[in-house]
Amino acid sequence: MHEKKILKATAWYTISSFLMKGIGLITIPIFTRLLTKSEYGSYSNFQAWLSIISIIATLSLIASLNRARFDFSENLESYILSNLILGSLSTIVVFSTILLNRRFFCDIFQMDTKYLLIMSGYLLVSPAYDMFLALQRYQYKYVITAILTVAIAVSSIGLSLLFIQVLEDHLWARVLGSTLPTILASIFIYFKFIFAGKKIHIVYWKYSLPICLPYIVHLLSGTVLNSSDRTMITNMCGNESNALYSLAYNIAMIVNIIWGAMNNAYSPWLGEKLNSKEYKEIYKTQYIYIGIYAIIIIGAMLVGPELLLIFGGKSYLEAINVIPPVVLGCFFIAIYTLYVNIEIYEKKTIGMACATVIAAFFNLVTNAYFIPKFGYIAAAYTTLIGYIILYLIHYWLVRKIGLHICYNSKFITLMVICMIIIMIIILTLYQYDIARYILMGIYLGTLVFGVLKKRKFIRAVWRQ
């Protein structure tokens, strides 16, 4: 695919993904005021456990689709249906086990049975929604993806606000409102795949499971790395401390939403280039992606205090120092994802799993030691170091495959060093607002100058 077309795909996926997840983040100030800190912390706890359990229950079969689209191009819908059925069967087994032992699991998850029930319904059908969006991305179809993601985002917020007004249990209202639209859309899409795929083939299970079982370990460890800090803060410091950390963490992770959208466009294109062995094209494109994302990271760090004030109010300002290390962690997520994309295409998921297990174990041990000593702020730095470990290991794994030639290692190393230095500078400037505002002015001026200089190229991309 031509460079301009991949950039246009990136722009569309970024817009649609940001609208879906970003609308939720933008409305955080509303929910931090409608919910108590304890309720907000409990909702964050629900989301964290949903992320963890979804990986196990659904078998993360969507991970195999990126390569299967080449190997089963003529029967792709049948492949998707077969794996949806397999994922649903797995979800039924997992939640049957949980609900039969619900007292035990309710204590571990710190939530009532009704939250487990809504979680089970969500995970039973939501893989159909995820598969559908993935298929749209691989076919570079922007319009349907944009409309569906915006509709889900708006209806989730709208229903949450409506339920909070009519239900006494505001936490249940928030959970129900956020999950119900996806459940309804997923049911419709599930039936669509049933009619399109028609038959279930066990051979597709034999293809996807060897890829996805190690990938489950990778994702599970990654989710532990992403979410264990919040569950451990809840247990060690209480729901209010988790609310402070979670709000700052969620604001910082806005930039990760942007990267996820960028990677949604990049990874299908990368698969095509790897399949045709066009390594030089990959090498040239890396500078655009890394450079643009570095600019976004710097901007997010600079406006961290203002974002926290807008989203949470003055009562959340004490969590300001969480934002820079978490934002920098997102940069390392982006860098190691470049290598992970290659590993997935090459079906080298065992090494990925080992890497993430190492990082997650490090995160759990360091959180257990440092959170009681230094409070929730420690979790931001232990998570950052965990991402750095992942970057180093994934670089080594891709080097073993021999495909490290796709990226400029010296350039990436230089960018990493520069971003660490910039984080330290900005974190220091949080104490000196005037100096930070001057730096923000320089940043905006440079950004505007760069956009104006490249305006002809940007117009060409958009018109293609």
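Okay, so let's go over this structure. These figures come from a predicted structure and were not determined experimentally. Counting from 1, residues in each chain are numbered in the order their sequence is written. Totals for whole chains, interfaces and linings use all residues, but because this is a predicted model, local features are given only for residues with pLDDT of at least 70 and pairs of side-chain atoms are given and counted only at 80 or more. To obtain the side-chain values, all non-hydrogen atoms of the structure were included, while hydrogens and water were left out.

1. Focus: helix α15 (residues 323-345)
Piece 1. For α15, which comprises 23 residues, the first-to-last C-alpha distance of 33 Å matches the rise-based estimate of 33 Å (1.5 Å per residue) to within 8%.
Piece 2. Note that the bend at a residue is defined as the angle between axes fitted to the seven residues ending at it and the seven residues starting at it. The numbering of helices and of strands both runs from the N terminus, where a helix is a DSSP run of H or I of at least 4 residues and a strand a run of E of at least 2. The sharpest bend along α15 measures roughly 30 degrees and falls at L338.
Piece 3. A large share of α15 lies buried, amounting to 23 of its 23 residues.
Piece 4. One or two positions beyond α15, positive phi appears at K347, with a value near 60 degrees. How far a helix is expected to stretch is found by multiplying one less than its residue total by 1.5 Å. Burial status follows relative accessibility: with a 1.4 Å probe on protein chains alone, a residue under 20% of its type maximum counts as buried, one over 50% as exposed, and anything between as partly exposed.

2. Observations regarding the environment of Y407
Piece 1. With respect to the secondary-structure elements, Y407 resides in the loop between α17 (377-401) and α18 (409-429).
Piece 2. Note on Y407: relative accessible area 3%, which makes it buried.
Piece 3. The spacing of Y407 and K280 is 127 residues in sequence and 9.1 Å in space, taken between C-alpha atoms.
Piece 4. With near-sequence residues (within four places) excluded, Y407 lies in contact with Y266, L270, I282, Y283, Q286, L338, Y339, I342 and I412.
Piece 5. Two N or O atoms form a polar contact when they lie within 3.5 Å of each other; inside protein one atom must be a possible hydrogen donor and the other a possible acceptor, and for residues adjacent in sequence the pair counts only when both atoms belong to side chains. A polar contact is formed between the side chain of Y407 and the backbone oxygen of L338, at a distance of 3.0 Å. When checking whether two residues touch, look at their non-hydrogen atoms; a contact exists if any pair is within 4.5 Å.

3. Quick word on the layout of surface pockets
The method is simple in principle: a probe with the dimensions of a water molecule rolls over the atoms, and the space it marks as empty is what remains.
Piece 1. The way it works is a 1 Å grid over only the protein atoms, where trapped points that fit a 1.4 Å probe form a cavity and open points with protein on both sides within 12 Å along at least five of seven lines form a pocket, and then any residue with an atom within 4 Å of a point lines it. Grid points are joined across faces, edges and corners, and a volume is the space filled by probe spheres set on the points. The volume enclosed by the second largest pocket comes to roughly 160 Å³.
Piece 2. When residues are sorted by character, Ala, Val, Leu, Ile, Met, Phe, Trp, Tyr, Cys and Pro go into the nonpolar class, Asp, Glu, Lys and Arg into the charged class, and all the rest, Gly among them, into the polar class. The residue makeup of the lining of the second largest pocket, split by class, is five nonpolar, two polar and two charged.

4. A closer look at the packing of aromatic side chains
Piece 1. A pair of Phe, Tyr and Trp rings is counted when the ring centres sit within 6.5 Å of each other, with Trp represented by its six-membered ring. The angle between the planes then sorts it: under 30 degrees is stacked, over 60 is edge-to-face, the rest tilted. Under the counting rule described, the total for this entry stands at 25 aromatic pairs.
Piece 2. When the ring of Y79 is compared with that of Y204, the centres are 5.3 Å apart and the planes differ by 65 degrees; the resulting orientation is edge-to-face. Here Y79, found in helix α5 (residues 76-100), pairs with Y204, found in helix α10 (residues 202-237); they are 125 residues apart in sequence, far enough to count as distant.
Piece 3. With relative accessibility at 7%, the residue Y204 sits in the buried group.
Piece 4. Relative to Y207, the ring of Y79 lies with its centre 5.9 Å away and its plane at 80 degrees, an arrangement referred to as edge-to-face. A residue pair is termed long-range when its members are at least 10 positions apart, and Y79 in helix α5 and Y207 in helix α10 qualify at 128 residues. The residues Y79 and Y207 share a single accessibility class, namely buried.

5. Side note on unusual backbone geometry
Piece 1. One non-glycine residue with positive phi stands out, namely L59, at about 65 degrees.
Piece 2. Within the secondary structure, L59 is located in the loop between α3 (37-58) and α4 (65-71).
Piece 3. You can call L59 buried: its relative accessible area is 13%.
Piece 4. One non-glycine residue with positive phi stands out, namely K198, at about 70 degrees.
Piece 5. By the secondary structure assignment, K198 is in the loop between α9 (170-197) and α10.
Piece 6. What makes K198 exposed here is its relative accessible area of 69%.

6. Notes on the side chain of T285
Piece 1. Its location among the elements puts T285 in helix α13 (residues 279-302).
Piece 2. Not counting residues up to four positions away in its chain, the partners in contact with T285 are Y266 and W269.

7. Focus on a nonpolar patch on the surface
Piece 1. A cluster of nonpolar side chains, contributed by L184, I187, F191, I194 and F195, occupies part of the molecular surface with about 500 Å² of accessible area.
Piece 2. In this fold, I187 is placed in helix α9.
Piece 3. Judged by relative accessible area, I187 falls into the partly exposed class, the value being 35%. Patch membership is restricted to residues that have no salt bridge and whose relative accessible area is over 30%. Joining uses 9 Å for like charges and 5 Å for the nonpolar side chains Val, Leu, Ile, Met, Phe, Trp and Tyr. Only the protein chains shown count as covering a residue, and every accessible area follows the Shrake-Rupley method with a 1.4 Å probe. Any Lys or Arg side-chain nitrogen located within 4 Å of an Asp or Glu carboxyl oxygen qualifies as a salt bridge.

8. Brief notes about empty space enclosed by the protein
Piece 1. Counted by the stated rule, this structure contains two cavities of 30 Å³ or more.
Piece 2. Lining of the second largest cavity is provided by W259, Y289, I290, Y293, F331, A334, I335 and L338.
Piece 3. Of all the secondary-structure elements, those providing two or more residues to the lining of the second largest cavity are α13 and α15.
Piece 4. Here the element with the most residues in the lining of the second largest cavity is α15; it accounts for four residues.
Piece 5. In terms of residue class, the lining of the second largest cavity is built from eight nonpolar, no polar and no charged.

9. A few points about the nonpolar core
Note that soluble globular proteins tend to have their nonpolar side chains buried in a common cluster.
Piece 1. Nonpolar cores are built from buried Ala, Val, Leu, Ile, Met, Phe, Trp, Tyr and Cys residues. Side-chain atoms within 4.5 Å join them into one set. Formed by 150 residues in total, the largest nonpolar core has its most connected members in F331 and Y407.
Piece 2. The element best represented in this core is α15, accounting for 17 residues.

10. Re the environment of A243
Piece 1. Among the structural elements, A243 can be located in helix α11 (residues 239-252).
Piece 2. When the C-alpha atoms of A243 and L124 are compared, they prove to be 29 Å apart, with 119 residues separating the residues in sequence.
Piece 3. Excluding anything up to four places from it in sequence, A243 contacts K37, Y40, G41 and Y316.

11. Some details on the environment of Y443
Piece 1. By the element assignment, Y443 lies in helix α19 (residues 433-453).
Piece 2. Between the C-alpha atom of Y443 and that of L124, which follows or precedes it by 319 residues, the distance is 46 Å.
Piece 3. Excluding residues that lie within four positions of it along the chain, Y443 makes contacts with I295, I296, I298, G299 and L302.

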